[in-house]
Amino acid sequence: MGRVNAPLPAGDGPADPLASFAALRTPEGVALLDELRDHDPARELATATRLRRDHAPDLVSAALGQARLRQRAVAKFGAKDAYRMFFTPNGVEQATRTSVATYRAGRFAALGGVRRVADLCCGIGGDAIALARAGIAVLAVDRDPLTAEVARANAEALGLSGLIEVRCADVTGIDTAGYDAVFVDPARRGGRGRIFDPEAYSPPLSWATAAALKAPRAALKIAPGIPHEAIGPEAEAEWISDGGDVKEAVLWYGEGFEAGSYRATLLPSGATLATRSPLPAPPVGPVGRYLYEPDGAVIRASLVADIVARCDGRLIDETIAYVTSDEPYSSPYTSAYEITDQLPFNMKRLKALLREREVGVLTVKKRGSAVEPEEVRRRMKLAGPNSATVLLTRVAGAPTMLIGRPFRPVG
């Protein structure tokens, strides 16, 4: 393909981001991205040299950058969508993965009467896409011109332009009156990485909360590590994990949500556990035959005591979220282990025991231990046909090694 006069800036200075992005959407840019779909990043220099014979260097650089972002985005959006969409580096990092966005859009849609949502701080449009696919019209707002243009392009690429209006503006100046719900996703990263102070979010948590309380219904996406004391009594707080990893927390406001409650939701199953009132501190006692590791969302939502009560168990340490009992317990909210040995922390004793048991495959987990699992595996020098799980933790304050195997309770 010969060169096309793509709208790129002249001169030797850095390319204008909007112009570079516009070039990617020309027929030449689209064809180049299609060609780069399966490119090997390890061969990028050779690929760039070859492509620059037929394409402008700035366009090749932009296309290679976008190709890398698309490959990274597959984990969040799936290949079918990711290779049709456009991204920015921050957009890939901060966007909600499709499974979580779809779940959240489903909660809005299930309420009834939610037909128009204002998506404030929309980023590259991941949540707006999920809402539109749920049949909800969306006003998607972001103050960054490139990000807003990317969100608009994504709506077009996925055939959702009729439901998604993208506006480049400061969200604090948006009038949300007339919308059935508001979704706010404040920026939680700055120039130095993650922002842990909710009032340092952009916009601050206090502004986002006020905006949510003005709407008939609202959802506010926050970091899963937010202190519980920063959550107001008007919100239903939900922590969401996907495939065992905690992805985010959401504060829900308005009709249809349980103000003051804490909820843990596990994807992809959709299993959800909730309580309206603080639970009493669970009992602490010796390690029993079975050990249960609650999902991270359950821990973040302070619902471990609920698991203790359900399995008629106890904690192994008042500061550690491992639950133990003498009877098997089936739950979607925990991973279960049958414990065969309990030893004081001692690497030599562990190595001798594993050699005696002919353990060649070792899974190492830790909670409340400073020792890294990879270091333990490296020092064990494993050999043999058997497998085992070692849990490095504390029992009644003492560093302890629990040895066992995964267990699947029936029922």
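These numbers come from a predicted model, not from an experiment.

Draft legend 1. Just the sheet that holds strand β15 (residues 334–344), in detail. Judged by pairing direction, the sheet is mixed, and its 7 strands sit side by side in the order β13-β14-β12-β15-β18-β17-β16 without closing on themselves. Each edge of the open sheet carries a strand with a single partner, namely β13 (314–317) and β16 (359–366). Mean inter-strand twist for the sheet, computed between neighbouring axes without regard to direction, equals 40 degrees. Against the sheet, helix α12 (residues 347–356) engages β15, β16, β17 (386–395) and β18 (398–406), with an angle of about 110 degrees to β15.

Draft legend 2. Structural detail: the state of the cysteines. This structure, assessed with the given rule, holds 0 disulfides. The thiol sulfur of cysteine 168 is not disulfide-bonded, and the nearest other cysteine sulfur, from cysteine 122, lies at 9.2 Å.

Draft legend 3. Highlighting the nonpolar core. Core analysis: the biggest nonpolar cluster contains 57 residues, and Leu24, Phe77, Phe87, Phe108 and Ile164 have the highest contact counts within it. Leave out the neighbours within four places in its chain, and isoleucine 164 touches Ala128, Ile129, Ala132, Val138, Ala140 and Ala155. Counting 46 residues, the second-largest nonpolar core is a separate cluster that includes Ala212, Ala215, Leu273 and Tyr290.

Draft legend 4. Structural detail: the pairing of strand β9 (residues 245–254). As paired strands, strand β7 (residues 217–222) and β9 are joined by 6 bridges and run antiparallel to one another. Paired with isoleucine 222 across the two strands is alanine 249, which belongs to β9. Both strand β8 (residues 236–242) and β9 contribute to a ladder of 7 bridges, which runs antiparallel. From the neighbouring strand, glutamate 238 faces β9, where its bridge partner is valine 250. Between the antiparallel neighbours β8 and β9 lie 2 residues, among them glycine 243 with a positive phi of about 65 degrees.

Draft legend 5. Region of the structure containing the side chain of glutamate 338. Positionally, glutamate 338 belongs in strand β15. The class for glutamate 338 is buried, based on a relative accessible area of 14%. Polar side-chain contacts of glutamate 338 include one of 2.7 Å to the side chain of arginine 289. Setting aside anything within four residues of it in sequence, one finds glutamate 338 in contact with Arg289, Tyr290, Ile403, Gly404, Arg405 and Phe407.

Draft legend 6. Local environment of the environment of serine 269. Checked against the element boundaries, serine 269 lands in the loop between β10 (262–267) and β11 (271–275). Separated by 33 residues in sequence, serine 269 and serine 302 have C-alpha atoms that sit 20 Å apart. At 3.1 Å, the side chain of serine 269 forms a polar contact with the backbone nitrogen of alanine 271.

Rules used throughout
Residues numbered from 1 in each chain as written. Predicted model: local features only at pLDDT ≥ 70, side-chain atom pairs only at ≥ 80, totals over all residues. Heavy atoms only, no water. Pairing = 2+ DSSP bridges. Helix = DSSP H or I, 4+ residues; strand = E, 2+ residues; numbered from the N terminus. Axes fitted to C-alpha atoms, helices over the stretch in contact; angles between N-to-C directions. Contact = heavy atoms within 4.5 Å. Disulfide = S-S within 2.5 Å. Core = buried A, V, L, I, M, F, W, Y, C linked by side-chain atoms within 4.5 Å. Buried < 20%, exposed > 50% of the residue type's maximum accessible area, 1.4 Å probe, protein only. Polar contact = N/O pair within 3.5 Å; in protein donor to acceptor, adjacent residues only side chain to side chain.

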